[in-house]
Amino acid sequence: QVQLVESGGGLVQPGGSLRLSCAASGFTFSSYGMSWYRQAPGKERELVAAIASAGGSTSYVDSVKGRFTISRDNGKNTVYLQMNSLKFEDTGVYFCHARKIEIYGTWDYWGQGTQVTVSL
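Computed from a predicted model, the values in this text were never measured in an experiment.

*Asks:* Describe the overall build of the chain, listing the residues and the values that go with them.
*Replies:* Along its length, the chain carries zero helices and 11 strands. For the chain, the N- to C-terminal ordering of α and β elements is β-β-β-β-β-β-β-β-β-β-β. For the chain, whose C-alpha radius of gyration is 14 Å, the value lies close to the compact-globule estimate of 14 Å for 120 residues. For the C-alpha atoms alone, the extent of the chain along its principal axes is close to 45 × 25 × 25 Å. When the 120 residues of the chain are sorted by exposure, 38% land in the buried category. Looking at the chain alone, contacts between residues at least 24 apart form 54% of all its contacts between residues at least 6 apart. Of the roughly 6400 Å² of accessible surface on the chain, 48% is carried by carbon and sulfur atoms. Averaging the coordinates of the 11 positive side-chain charges in the chain and doing the same for the 9 negative ones gives two points 4 Å apart.

*Asks:* If you had to explain the side chain of His 97 to someone new, which residues and values would you point to?
*Replies:* Within the secondary structure, His 97 sits in strand S9 (residues 92–102). The exposure class assigned to His 97 is buried, which follows from its relative accessible area of 3%. In this structure His 97 touches Leu 4, Gly 33, Met 34, Ser 35, Tyr 37, Asp 108, Tyr 109 and Trp 110, once residues within four positions along its chain are discounted.

*Asks:* Summarise the side chain of Thr 78; cite the residues concerned and give the values.
*Replies:* Mapping Thr 78 onto the fold places it in strand S8 (residues 78–83). When its relative accessible area of 9% is taken as the criterion, Thr 78 is described as buried. Residues in contact with Thr 78, not counting those within four places in the same chain, are Ser 21, Cys 22, Ala 23, Phe 29, Ser 71, Arg 72 and Asp 73.

*Asks:* Tell me what's going on with the environment of Tyr 80, and back it up with residues and numbers.
*Replies:* Secondary-structure assignment places Tyr 80 in strand S8. Residue classification places Tyr 80 among the buried positions, given a relative accessible area of 12%. Sequence spacing of Tyr 80 and Thr 114 is 34 residues, and the spatial spacing of their C-alpha atoms is 13 Å. In this view, Tyr 80 contacts Arg 19, Leu 20, Ser 21, Trp 36, Thr 69, Ile 70, Ser 71, Arg 72 and Asp 73; residues no more than four positions away in its chain are not counted.

*Asks:* Quick rundown of the sheet that holds S8? Include the residues and the values.
*Replies:* Spatially, four strands are ordered S1-S3-S8-S7 in an open sheet, and the strand pairing comes out antiparallel. Either end of the sheet is taken by a strand with one partner, and the two such strands are strand S1 (3–7) and strand S7 (68–73). Going across the sheet, the axis of each strand differs from the next one's by a mean of 15°, ignoring polarity. Pairing of strand S3 (residues 18–25) with S8 involves six bridges; the strand directions are antiparallel. Bridge pairing in S8 places Cys 22 opposite Val 79.

Here is what the cut-offs are and how they apply
Residues numbered from 1 in each chain as written. Predicted model: local features only at pLDDT ≥ 70, side-chain atom pairs only at ≥ 80, totals over all residues. Heavy atoms only, no water. Helix = DSSP H or I, 4+ residues; strand = E, 2+ residues; numbered from the N terminus. Rg over C-alpha atoms; globule rule 2.2 N^0.38 Å. Buried < 20%, exposed > 50% of the residue type's maximum accessible area, 1.4 Å probe, protein only. Contact = heavy atoms within 4.5 Å. Areas by Shrake-Rupley, 256 points an atom, 1.4 Å probe, with all protein chains shown as cover. Lys, Arg positive; Asp, Glu negative; His and termini not counted. Charge placed at Lys NZ, Arg CZ, Asp CG, Glu CD. Pairing = 2+ DSSP bridges. Axes fitted to C-alpha atoms, helices over the stretch in contact; angles between N-to-C directions.

See the structure below:
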């Protein structure tokens, strides 16, 4: 059974930090690119950060560049999102996503999400 379980969300003041974790099971984690998405109230889900299966390539949405860092530990089947200098607009539900694309198909898995609230 495939599972992506996020943790580490919570309430933080502006300028603070949080570290999200996503523990994967039920599939070959090291074969999947991993991403973090977020969805703010009333807005569409957006891609925040992504990391390649081997961990050598990362990408970020412009609004989090220099503040967020995505990383992964293939030995622990876990992907992380270190979030620093948090802003009000970082508030939302953060989702972990796994994707593998091959010539004969695409596999996508989603976690249930973890709430991040940036507030005074």
